[in-house]
Amino acid sequence: MGFSFITYYNPARTLFSQVANVLVSTGMNAIPFYFCAYYLVPKLLYKRKFTAFILSFIFLVAFMGLTILFCTRLVDHITNHDKEIIPKWATLGPSVNLFIWNTILASFGSSGLKILSDRFRIEKKLHIVEQEKITTELSFLRSQINPHFLFNIMNTIYFQIEKSNTEARLSVEKFSEMLRYQLYECTTDKIQIGKELNYIKNYIAIQTLRMEKDSDVKLTIDDKIDDFWIAPFLILPIVENAFKHVSNFKDSNKNKIHVELKILDDHIFLVEALNTYEQDHTGKHLLQSGGLGIQNLKRRLELLYPERYELNINNEGDTYQTILKLQYDN
C-alpha cells in the first residue's frame, strides 16, 4: 500500500483522493491475489490443467484491471468533481496498462508465494514420512527374529502331527502361510489386495478356533474387488481389534464378529468390522482409546493416504463397529 502511494503520488491531487484510490486499488487487488493462491494454483495448475489455468489467469487479470480502473475513476469523480468516470480514449490506454500490470503483479506474487509455501510444506512432510519409514523398517527388522524362529518351529510341529489329524494340520498350514506372508512377501510399500485378503482369511480362520463353536463369526468379501495394490497390514488392526475385544457371553451364539470387505464407487475400498463387547472396564477403555492398534493404524493412514481415507468408530448398546473407507490407486 505504501509502495503504491509513493509510486503514484501526484501533488496536483488532494491527499484524501490519493489515499482513497490507494485503499480501493489495494483492497481490490486482494481479489486476484487470493483467487490465484487458493483456486487457480491448487485447482488448475497443480492438476496440470495448463490451458484452463492460462485462460483463467488472462481473464482474471483483464477483468480485474478494468474493474479497478473504473472503481478508482469513480473515487476520483466523487473527490474531484471535475473528473469523469470514463476516461477519454487518449488516456484510457495508459490507465488500463497501469492497473493491469498491478493486477499481474498481485496475481504472480500470490501464485509464487503459494507454490513456495506448498513446496516447503511438502518437503517437511516428506522428511517426516522418511523418518517414519526408517523407524518402521528398523522395527520390522528387529521383529523378524521371532517370526523366523516361529516359522521353523511350525514346520517341525506340522510333521509331528498325525496325518489323520487333518484339522490340526490345516491350522498349522494357515499359520505358516501367515508367517511366510509377513516374512517374504511384505517387503515392499504396497502389496496386491489378493495376498492381503488371503492373510486376513487365514487370520480369521485361526482366531475362530479359540472361540466357542456356536459363535457368530462371518467374513464377507465382495466379488467385485479388483486386483489393486494396497499398503500391507491396513486391514489387520481392524480385524484384530474385533477379536481382541469380542464379548464372552455365556450364550455363545450372542458373541458376534462380522467382517465385510467390498468396493464402493470411485475406487473406494470399504473395511467394516462389527463385534459385540461387554460393557465393563475393558469395553469403556476400548471406546475411549480405540485400541493401540487402531491408533497406530490412524498414524499410518495419515502418512500413506493423506486426505484419502475415512476411519469411523461407533458403538451402540453392546456392539462395537469400525469402518474404514480408503481411496486406492488404479
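Before going into details, it helps to say that this report is about the structure given with it.

Rules and cut-offs
Residues numbered from 1 in each chain as written. Predicted model: local features only at pLDDT ≥ 70, side-chain atom pairs only at ≥ 80, totals over all residues. Heavy atoms only, no water. Helix = DSSP H or I, 4+ residues; strand = E, 2+ residues; numbered from the N terminus. Buried < 20%, exposed > 50% of the residue type's maximum accessible area, 1.4 Å probe, protein only. Contact = heavy atoms within 4.5 Å. Areas by Shrake-Rupley, 256 points an atom, 1.4 Å probe, with all protein chains shown as cover. Salt bridge = Lys/Arg side-chain N within 4 Å of Asp/Glu carboxyl O. Phe/Tyr/Trp six-rings, centres within 6.5 Å; stacked < 30°, edge-to-face > 60°. Pairing = 2+ DSSP bridges. Axes fitted to C-alpha atoms, helices over the stretch in contact; angles between N-to-C directions.

What follows concerns the overall build of the protein. Assigned secondary structure in the protein consists of 10 helices and 7 strands. The buried share of the protein, reckoned over its 330 residues, is 36%. Long-range contacts, defined here as pairs at least 24 residues apart, represent 69% of the contacts in the protein between residues at least 6 apart. Working note: accessible area of the protein is about 20600 Å², and carbon and sulfur atoms make up 59% of it.

We now examine the pattern of salt bridges. Evaluated as defined, the whole model comprises 5 salt bridges. Members of the salt-bridge network, linked through shared partners, are Lys114, Asp118 and Arg121.

Enumeration according to the criterion identifies 11 aromatic pairs in this entry. Note on Phe57 and Phe108: the rings are 5.1 Å apart at their centroids and 55 degrees apart in plane angle, and the pair reads as tilted. Taken together, the residues span a long stretch of sequence, with Phe57 in helix α3 (residues 50-79) and Phe108 in helix α4 (residues 89-143) at a distance of 51 residues. Ring centres 6.1 Å apart and planes at 80 degrees place the aromatic pair Tyr203 and Phe243 in the edge-to-face group. One end of the pair, Tyr203, is in helix α7 (residues 193-209); the other, Phe243, is in helix α8 (residues 236-244), and 40 residues separate them in sequence. The exposure classification of Tyr203 matches that of Phe243, with both residues buried. An aromatic cluster of three or more residues is present, and its members are Phe33, Tyr34 and Tyr38.

This part is about unusual backbone geometry. The backbone of Arg48 sits at a positive phi, close to 60 degrees, despite the residue not being glycine. You can see Arg48 is positioned in the loop between α2 (15-45) and α3. Judged by relative accessible area, Arg48 falls into the exposed class, the value being 65%.

Most of α8 sits out of view: 7 of its 9 residues are buried. Residues of α8 that are buried: Leu236, Pro237, Ile238, Val239, Asn241, Ala242 and Phe243.

Sheet strands pair by backbone hydrogen bonding; their relative direction is either parallel or antiparallel. Strand order across the open sheet formed by 5 strands is β2-β4-β5-β7-β6, with mixed pairing between neighbours. Where the open sheet ends on each side, the last strands, each with one partner, are β2 (216-221) and β6 (309-316). Neighbour-to-neighbour, the strand axes of this sheet turn through a mean angle of 10 degrees, independent of strand direction. In this sheet, strand β7 (residues 319-327) lies alongside β6 in antiparallel orientation, the contact comprising 8 bridges. Bridge pairing in β7 places Asn312 opposite Ile323. Contacting β2, β4 (256-264) and β5 (268-276), α7 runs over the sheet at an angle of about 170 degrees to β2.

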